[in-house]
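Listed below are the residues making up each chain.
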Amino acid sequence: MAFIKEESEDIKIVFIKEESEDVKFEETLSVKDEDPEEQTAKLSLSRAERLLMAIVDNSEVEDLSDGEDNDPAVDEVIPQDVDLMDEKPDFSPPGSSGDDCDEEYTPPDAAEDTDSENESQPNHPQVHRRGRKQPHVENDELDEEDHRHGELRPEPKNAGRGESWRSAPFRPNLVQFQDGDDGLKDERTGWQPLDYVEQYIDSDLMKLIADCTNAMSLGNSGRSLKTSVDEMYHFFGAAILMSCVPYPQIRIFWSNALQIPAISNTMSRDRFFKLRSHLKVVIDYDVSEDKRETDKFWKVRPFMDRILTGCRLQARPECVSIDEQMIPFTGASPFRQYVPLKPNPVGMKNFVLASVDGLVLDFEVYQGSKTLASKVQDSDGLGLGTLVIKRLSETLTAGTQVYCDRFFTTIQAVDHMLKDDIYLTGTVMKGRVKQAMNKLPDDKTLKHQGRGAISTVTRADGKLCVVKWYDNKPVVMLSTVHSEQPEDTCQRWSKKGKKYVTVTRPSIVREYNSKMGGVDMSYRMMSYYRMSMRTKKWTIRMLMHFTDLALVNSWLLYRRDNQENGTPRKSILKFLEFRMVVAQVFLSKCGVLHDGAHVAEEENENEHLPPPGKKSRVAPIPLISVRSSAAHLPEMVALKNPIRCRAQGCTGKSRVRCMTCNVHLCLQSERNCFAAFHTGQ
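The structure presented is a predicted model; accordingly, all values stated were derived computationally and were not measured. (Residues numbered from 1 in each chain as written. Predicted model: local features only at pLDDT ≥ 70, side-chain atom pairs only at ≥ 80, totals over all residues. Heavy atoms only, no water.)

Draft legend 1. Examining helix α14 (residues 411-419) more closely. When you tally the buried positions in α14, you get seven out of nine residues, the bulk of the element. Among the residues making up α14, those that are buried are Ile411, Gln412, Ala413, Val414, His416, Met417 and Leu418. Buried positions along α14 lie against β4 (165-166), α13 (384-392), β10 (423-427), β11 (454-459) and β13 (474-479). Phi for Asp421, located one or two positions after α14, is positive at around 60°. (Buried < 20%, exposed > 50% of the residue type's maximum accessible area, 1.4 Å probe, protein only. Helix = DSSP H or I, 4+ residues; strand = E, 2+ residues; numbered from the N terminus. Contact = heavy atoms within 4.5 Å.)

Structure below.
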């Protein structure tokens, strides 16, 4: 055993060769504060080797070297800048272990991290000829992307160990995907934009919001807001239309110079702000304490569940992707996250399952790994990435191919999905497939081969392969479906040559790039016309975000149906037009009104007439979606002269006016323009 002790000006290194109760044999070396050349002469290499070889058989050696190949502590004396006066030697890991070294440093006393099969053996270091022990790797190294996501992802310590990898062709035995029957496809024939939106936001949800808002207002202030389902539709319609016309301030929509009549004539400014500040989805007094502790988003849970129900109604395709979205919000919230390198790094994190074209099929708002584990069966020992994949794959059928990034991809997740015949493909961190990386060439070898170099290894059971491809830098991918073959070529920009070059690309990279962007597509569509009204309440931010998600899903489904039916491209509404149509339909809702907005039965017959001295404004013709969805009743107006009929192709005049559309239409036995106008004929 070797130890260090201090005696006046000398430092003694004592090697205990043999020790018993009565006899102790020691050899001592004195190291004074002398020049390095004189110290080197006193402690030669042969002297150190002789002392170590004498005690290697029956003694424990405390190694103070840093584990490098050229260890200066063996060939030379200990440098003077090392503090030898401490009572305990410093076992901190070395600052650098070489450019190509993939091993990690483990302190000698890390007995709790050793494998269970070695627990019964004494913790003796492995001593080599020059007194150095081999570093023992226990835990995967924390990748820099963990810091990018702002949290640790616990994975089993022995994940991926004991597996055998070989360089062999990958031939997976896949289960044939059974295409799910879209039961709503036939029902969607002839649907208008509002019909698509009502899969997510319907009158029952609006009634729930109106009732909860009135109840909470009555309970808190003693007075009810007396809002109604119609007014809730008007509120959301105004919010959607505001996102299409982005003024810097909401108050401008009611200004005299820049007001939008569709908003200002439907709802006053103060009423809009009052509804926004009192909007409720649940009655707080009915929610138990246990529910509040287990669900941090209980204030908006009914709204989220209704949107989630609409997402789960859609048919499941063969290829889907899983990724994370951010619900942007910088105020106080129950579970706010910070994810750098995101367009909106601060907010609530939402894990999303989406199709290739961006249709959201399922989602889970993150509120901690424990809460997520409670929603997954057999969640013991599973990491966060595996929990997310299992939770979002509950509605998938056998044969589905799932694509995800390195945040989720682990061998553990792959094996769990294989039990359900669901196949995973994605990029993977090197530390999660260490056994496979040992069989693959290192980065320098691939770099020397040039861009497009590919290497593949397959697991012994033939169900999994790892592909390493060198482009600008090494890319490691893992899949149970795709491999290296068939290869193709792609164009990549060369900084050195200042031109595009042709690079060989494996099949797994091509499939991943073409099928991974569904979640990003949905998020990009939401960012174009986001309902980003400034608020300090996270509940309002959540309601607006999931309303945007419902609108994006509705438009994507509307566009897909029209393309499959052969509708001309010019006749398909763009996303902005789709939102504006939905907003106008919401603003024109006139079913059951609230008590404060009842229309008096006795109206002034001349109410429609303009004030004296002002020119009358021509009423705009509403869209076909508004004409065919709302309740329309004719009224006979006492006019001195009839007004021209607004039906297309009609040149007649009439005193009959539609109370909803506010346009005059012919209503005669020989010419019924009123019915033709509202049915779109």
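Draft legend 2. Examining the nonpolar core more closely. Ranked by size, the top nonpolar core spans 118 residues in total, and within it Ile307, Met542 and Phe546 carry the most contacts. Here this core takes 14 residues from helix α19 (residues 538-564), the largest share from any one element. Each residue touching Ile307, except ones within four places of it in the same chain, is listed here: Tyr200, Ile201, Phe363, Phe546, Leu549 and Ala550. (Core = buried A, V, L, I, M, F, W, Y, C linked by side-chain atoms within 4.5 Å.)

Draft legend 3. Up close: the packing of helix α11 (residues 301-312) against α19. Axis separation between α11 and α19 bottoms out at 10 Å; the angle between their running directions is 15°. Taken together, the axis directions place α11 and α19 in an arrangement best described as roughly parallel. Crossing handedness for the pair α11 and α19: left-handed. In contact with Phe303, Met304, Ile307 and Cys311 of α11, α19 contributes Met542, Leu543, Phe546, Thr547, Leu549, Ala550 and Asn553. Residues of the contact of α11 with α19, tallied by class, amount to nine nonpolar, two polar and no charged. (Axes fitted to C-alpha atoms, helices over the stretch in contact; angles between N-to-C directions. Parallel < 35°, antiparallel > 145°, perpendicular 65-115°, else oblique. Left-handed = near helix turned anticlockwise from the far one by under 90°. Nonpolar A, V, L, I, M, F, W, Y, C, P; charged D, E, K, R; others polar.)

Draft legend 4. The arrangement of the packing of α13 against α14 in detail. At a closest axis distance of 8 Å, the pairing of α13 and α14 adopts a crossing angle of 25°. Considering their axes alone, α13 and α14 lie roughly parallel with respect to each other. Crossing handedness for the pair α13 and α14: right-handed. Facing Thr386, Ile389 and Lys390 of α13, the residues of α14 in contact are Gln412, Ala413, His416 and Met417. Residue composition of the contact of α13 with α14, by class: three nonpolar, three polar and one charged.

Draft legend 5. Highlighting unusual backbone geometry. In this chain, Gln485 is followed by Pro486 through a cis amide linkage whose omega measures 0°. The topology assignment puts Pro486 in the loop between β13 and β14 (488-494). The phi angle at Asp421 is positive, at roughly 60°, despite the residue not being glycine. Residue Asp421 is classed as partly exposed on the basis of its relative accessible area, which comes to 29%.

Draft legend 6. Fine view of the confidence of the model for the protein. On average, residues of the protein score 77 in pLDDT, and 70% of them reach the 70 mark or higher. Of the regions scoring below 50 in pLDDT, residues 1-34 engages in 71 contacts with residues more than four places distant in sequence or in other chains. Confidence over residues 592-609 falls short of pLDDT 50; this stretch has 18 contacts with residues more than four positions distant or in other chains. (pLDDT = per-residue confidence, 0-100.)

Draft legend 7. Main features of the packing of aromatic side chains. Applying the stated rule across the entire model yields 21 aromatic pairs. Where Tyr529 meets Phe575, the ring centres are 5.8 Å apart and the plane angle is 50°; that geometry is what we call tilted. Of this pair, Tyr529 sits in the loop between α18 (518-528) and α19 while Phe575 sits in helix α20 (residues 575-587), and the two are 46 residues apart along the sequence. Tyr529 sits in the partly exposed class, given a relative accessible area of 23%. Here the aromatic residues Phe235, Phe236, Trp254, Phe272, Phe273 and Phe303 are joined through ring pairs into a cluster of three or more. (Phe/Tyr/Trp six-rings, centres within 6.5 Å; stacked < 30°, edge-to-face > 60°.)

Draft legend 8. Molecular detail of the pattern of salt bridges. All chains considered together, the criterion is met by 28 salt bridges. Note that Asp471 is salt-bridged to Arg451, the shortest N-O span being 2.7 Å. Here the residue Asp471 occupies a position in the loop between β12 (465-470) and β13, and Arg451 occupies one in the loop between α16 (443-449) and β11, the gap between them amounting to 20 residues. On the accessibility criterion, Asp471 (10% relative accessible area) is buried. (Salt bridge = Lys/Arg side-chain N within 4 Å of Asp/Glu carboxyl O.)

Draft legend 9. Representation of the pairing of strand β5 (residues 319-328). Of all ten residues that make up β5, ten are buried, and the element is covered over most of its length. Alternating residues of β5 divide into Cys319, Ser321, Asp323, Gln325 and Ile327 and Val320, Ile322, Glu324, Met326 and Pro328, and every residue in both groups is buried. As defined by bridge partners, β5 adjoins strand β9 (residues 401-404) across four bridges and the pair is classed as parallel. Each residue of the ladder has a partner; that of Ile322, found in β9, is Cys404. Where β5 and strand β7 (residues 346-355) come together, nine bridges link them in antiparallel fashion. When the bridges of β7 are listed, Pro328 appears paired with Gly347. (Pairing = 2+ DSSP bridges.)

Draft legend 10. Main features of the pairing of β7. β7 sits mainly inside the fold: nine of its ten residues count as buried. As judged from the two bridges shared by strand β6 (residues 337-338) and β7, these two strands associate in the antiparallel manner. Considered in β7, the bridge of Gln337 is made with Gly347. In this structure, β7 lies alongside strand β8 (residues 360-365), joined through five bridges in antiparallel fashion. Paired with Phe351 across the bridge in β8 is Glu364. Between β7 and β8, which pair antiparallel one after the other, the connecting turn spans four residues, and Gly358 there sits at a positive phi close to 100°.

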